[in-house]
2 protein chains.
Amino acid sequence: MRYSKIPSETIRRLPGYLRALIFLDEKSREYVSSKVFSEYVHVKSPQIRKDFSYFGAFGTKGVGYKVTTLIEQIRGILKLKEVQKAALIGAGKLGTAISLYDGFKTYGFEIAAIFDISNDKIGTRIGEIVVEDPWKIATLCERNIRVAILAVPAESAQETADKLVGAGINGILNLSPCYLAVPKRVKVITIDIAMELGVLPYYS
Amino acid sequence: MRYSKIPSETIRRLPGYLRALIFLDEKSREYVSSKVFSEYVHVKSPQIRKDFSYFGAFGTKGVGYKVTTLIEQIRGILKLKEVQKAALIGAGKLGTAISLYDGFKTYGFEIAAIFDISNDKIGTRIGEIVVEDPWKIATLCERNIRVAILAVPAESAQETADKLVGAGINGILNLSPCYLAVPKRVKVITIDIAMELGVLPYYS
DNA sequence: ATGTGCTTGAGTTCACATTCACAAGCAAAG
DNA sequence: CTTTGCTTGTGAATGTGAACTCAAGCACAT
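Attention in this report is confined to the structure presented alongside it. (Residues numbered from 1 in each chain as written. Chains lettered and ligands numbered in written order. Predicted model: local features only at pLDDT ≥ 70, side-chain atom pairs only at ≥ 80, totals over all residues. Heavy atoms only, no water.)

1. Comments concerning the relation of the copies chain B and chain A
Phase 1 of the analysis: Screw-axis analysis of chain B against chain A gives a translation of 0.0 Å along the axis, an RMSD of 0.1 Å, and a rotation angle of 180 degrees. Taken together, the rotation and translation describe the operation of a two-fold axis.
Phase 2 of the analysis: A share of 98% of interface residues in chain B that are also interface residues in chain A marks the association as one of identical surfaces. (Least-squares fit on C-alpha atoms with pLDDT ≥ 70 in both. Contact = heavy atoms within 4.5 Å.)

Here you go:
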């Protein structure tokens, strides 16, 4: 299957599709049509069919798509089939909130390590994970952790990102309000809650 | 000035521009060229010039754009000139982390009210704000609060959103992992951290 | 077995966004 | 005053994604 020709905008929508599909699956819904599905994900139905058609046609005319098949397909494309271990850097208020959020397993993620610079926190436990000293970030690669969530103050974000890159990480979810300079092989996604808020008044 | 013809993709980039410009301003940088600016925001220089040209030409050839003028312009377009009051619903771990985050004022936002359903929290103080009972959400309109940040469990997100809509809110930043059904006049932005994480493995 | 109603899948059209290339123009130096 | 170097602003071309439309086809009822 040639996934390489899937448009990037379609990829961007897939996690949203996945979430809705898992929701439908939990409700024991077996089939869903593009029309009904569009209600759940706020994407128009022709768009949904086009997206699904990129990775092969397996819908049933007159009926719709089988929910479990769709989930399998999307998990496969996003490489979420086996559990991905993720590291959390920064155990402040935000980091703690994130580590306790149970939505990660929906996407096959598991927070497998937490780091914090504060001596008060090192050695203590958040959930079931023991907080470690940041110099141990270098061991992430051998622990098979390739994704990191960065919840540190903006001042130390770049510095920490450099360490992560050095440790062989290839994906960073950056929650600091700043851009990170990283090599091209590393994918960075930045979420700045305040910044997202910035477009709201425009649409009023 | 005809702002109405500014492409939506440009609008989406403006908050990012604004953040970088404020950073430059704090560094006392007076002028910035599109080439230099592109390093800061990770957008190519012709794109930046095109974006700026949508809201009028005021760069100086051979020199660049005046940082403070740019900040004024963008604040004007995004309607961030006067301080916008925002309400925070949900004072759990995530809500608390958000209320203590000081990045909001960069965009002219101020958390002016906090609501939580828990009796333990009502009446206590987070930062300088006293946590209120959710039935007081109805008073938001008369308090001149038009934007809300929703940090409640997914189960009660829709119900709370309905209350907010009833209170005359016209923008919601939704941090729950679910879609919200709201009237068209209300703009919703959903951020699901786990979902954003979902695209990372694909790019590995 | 046949017809009916609904849904898929794809080809096409249209709209939008990005990139490119270059003329026009300011500033500073000689 | 003229020249040199750099940067803007924009029209044209290219690329990309969204919306539309409709023939093909499955399932179920009759």
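Having seen it, we continue.
2. Regarding the protein's contact with DNA strand C
Phase 1 of the analysis: S34, R49 and Y65 of chain A together with R13 and Q47 of chain B are the nearest of the 27 residues found near DNA strand C.
Phase 2 of the analysis: In this structure, a phosphate oxygen belonging to DNA strand C sits 3.0 Å away from a main-chain N or O atom of G59 of chain A.
Phase 3 of the analysis: Here a phosphate oxygen of DNA strand C and a side-chain polar atom of Y65 of chain A are 2.8 Å apart.
Phase 4 of the analysis: Breaking the surface near DNA strand C down by element, the ones donating at least two residues are α3 (45-54) of chain A together with α1 (8-26) and α3 (45-54) of chain B.
Phase 5 of the analysis: A per-element tally of the surface near DNA strand C places α3 of chain B first, with four residues. (Near = heavy atom within 4 Å. Polar contact = N/O pair within 3.5 Å; in protein donor to acceptor, adjacent residues only side chain to side chain. Helix = DSSP H or I, 4+ residues; strand = E, 2+ residues; numbered from the N terminus.)

3. Observations regarding the interface of chain B and chain A
Phase 1 of the analysis: Contacts between the two partners involve 54 residues from chain B, matched on the other side by 54 residues from chain A.
Phase 2 of the analysis: When chain B packs against chain A, close to 5100 Å² is buried across both sides, 73% of that on carbon and sulfur atoms.
Phase 3 of the analysis: On the chain B side of the contact with chain A, R19, Y179 and Y202 of chain B bury the most area, a combined 14% of that side's loss.
Phase 4 of the analysis: One can count two salt bridges joining chain B with chain A.
Phase 5 of the analysis: The shortest N-O distance in the salt bridge between D192 of chain B and R19 of chain A comes to 2.9 Å.
Phase 6 of the analysis: Linking chain B with chain A are five residue pairs in polar contact (both at pLDDT 80 or more), by the criterion used here.
Phase 7 of the analysis: For the side of chain B that touches chain A, the secondary structure elements donating two or more residues are α1, α2 (34-41), α5 (93-100), β7 (147-150), β8 (171-174), β9 (187-190) and α7 (193-197) of chain B.
Phase 8 of the analysis: Here the side of chain B that touches chain A is built from residues that sort into 37 nonpolar, 11 polar and six charged. (Buried area = accessible area lost by both parts, 1.4 Å probe. Salt bridge = Lys/Arg side-chain N within 4 Å of Asp/Glu carboxyl O. Nonpolar A, V, L, I, M, F, W, Y, C, P; charged D, E, K, R; others polar.)

4. Topic: α1 of chain B
Residue and element names in this part refer to chain B.
Phase 1 of the analysis: With 19 residues, α1 should reach 27 Å at 1.5 Å per residue; the first-to-last C-alpha distance of 28 Å fits that figure.
Phase 2 of the analysis: At L14, α1 shows its maximal kink, close to 30 degrees; a proline, P15, follows between one and four residues later.
Phase 3 of the analysis: Turning to α1, its buried residues number three or more, namely T10, I11, L14, P15, G16, Y17, L18, R19, A20, L21, I22 and L24. (Expected span 1.5 Å × (residues − 1). Bend = angle between axes of the 7 residues up to and from the residue. Buried < 20%, exposed > 50% of the residue type's maximum accessible area, 1.4 Å probe, protein only.)

5. Considering the packing of aromatic side chains
Phase 1 of the analysis: Counted by the stated rule, this structure contains 20 aromatic pairs over all chains.
Phase 2 of the analysis: Centroid distance Y202 of chain A to Y203 of chain A: 5.1 Å. Interplanar angle 90 degrees. Geometry classified as edge-to-face.
Phase 3 of the analysis: Here Y202 of chain A falls in the buried class, since its relative accessible area comes to 18%.
Phase 4 of the analysis: Both rings, one in F55 of chain B and one in F58 of chain B, keep their centres 6.2 Å apart while their planes meet at 40 degrees; by these two values the pair is tilted.
Phase 5 of the analysis: Taking the relative accessible area as the measure of exposure, F55 of chain B reaches 0% and is therefore buried.
Phase 6 of the analysis: The class for F58 of chain B is partly exposed, based on a relative accessible area of 24%.
Phase 7 of the analysis: The aromatic ring of Y203 of chain B is capped on one face by K187 of chain A, whose charged end is 4.2 Å from the ring centroid. (Phe/Tyr/Trp six-rings, centres within 6.5 Å; stacked < 30°, edge-to-face > 60°. Lys NZ or Arg CZ within 6 Å of the ring centre and 35° of its normal.)

6. Some remarks on the sheet that holds strand β4 (residues 109-115) of chain B
Residues and elements named next belong to chain B.
Phase 1 of the analysis: Taken in spatial order, the seven strands of this open sheet run β5-β6-β4-β3-β7-β8-β9, and their pairing is mixed. If you trace the sheet from one side to the other, it starts and ends with β5 (125-126) and β9, each paired once.
Phase 2 of the analysis: Two elements, β5 and strand β6 (residues 129-132), share two bridges in a ladder whose sense is antiparallel. Within β6, the position partnered with R125 by the bridge is V130.
Phase 3 of the analysis: Sheet contacts for helix α6 (residues 154-166): β3 (84-89), β7 and β8; angle to β7, the most-contacted strand, approximately 170 degrees. (Pairing = 2+ DSSP bridges. Axes fitted to C-alpha atoms, helices over the stretch in contact; angles between N-to-C directions.)

7. Some words on the nonpolar core
Phase 1 of the analysis: Grouped together as the largest cluster of nonpolar side chains are 99 residues, with contacts concentrated most on F37 of chain A together with F37 of chain B.
Phase 2 of the analysis: For F37 of chain A, the residues in contact, after removing those within four places along its chain, are Y17, A20, L21, L24, V32, I48 and F52 of chain A. (Core = buried A, V, L, I, M, F, W, Y, C linked by side-chain atoms within 4.5 Å.)

8. Regarding a positive patch on the surface
Phase 1 of the analysis: Together, K93 and K121 of chain A together with K93 and K121 of chain B line one region of the surface with positive charge.
Phase 2 of the analysis: With respect to the element layout, K121 of chain B can be found in the loop between β4 and β5.
Phase 3 of the analysis: Judged by relative accessible area, which is 32%, K121 of chain B ranks as partly exposed. (Patch = residues over 30% accessible without salt bridge, like charges linked within 9 Å, V, L, I, M, F, W, Y side chains within 5 Å. Areas by Shrake-Rupley, 256 points an atom, 1.4 Å probe, with all protein chains shown as cover. Lys, Arg positive; Asp, Glu negative; His and termini not counted. Charge placed at Lys NZ, Arg CZ, Asp CG, Glu CD.)

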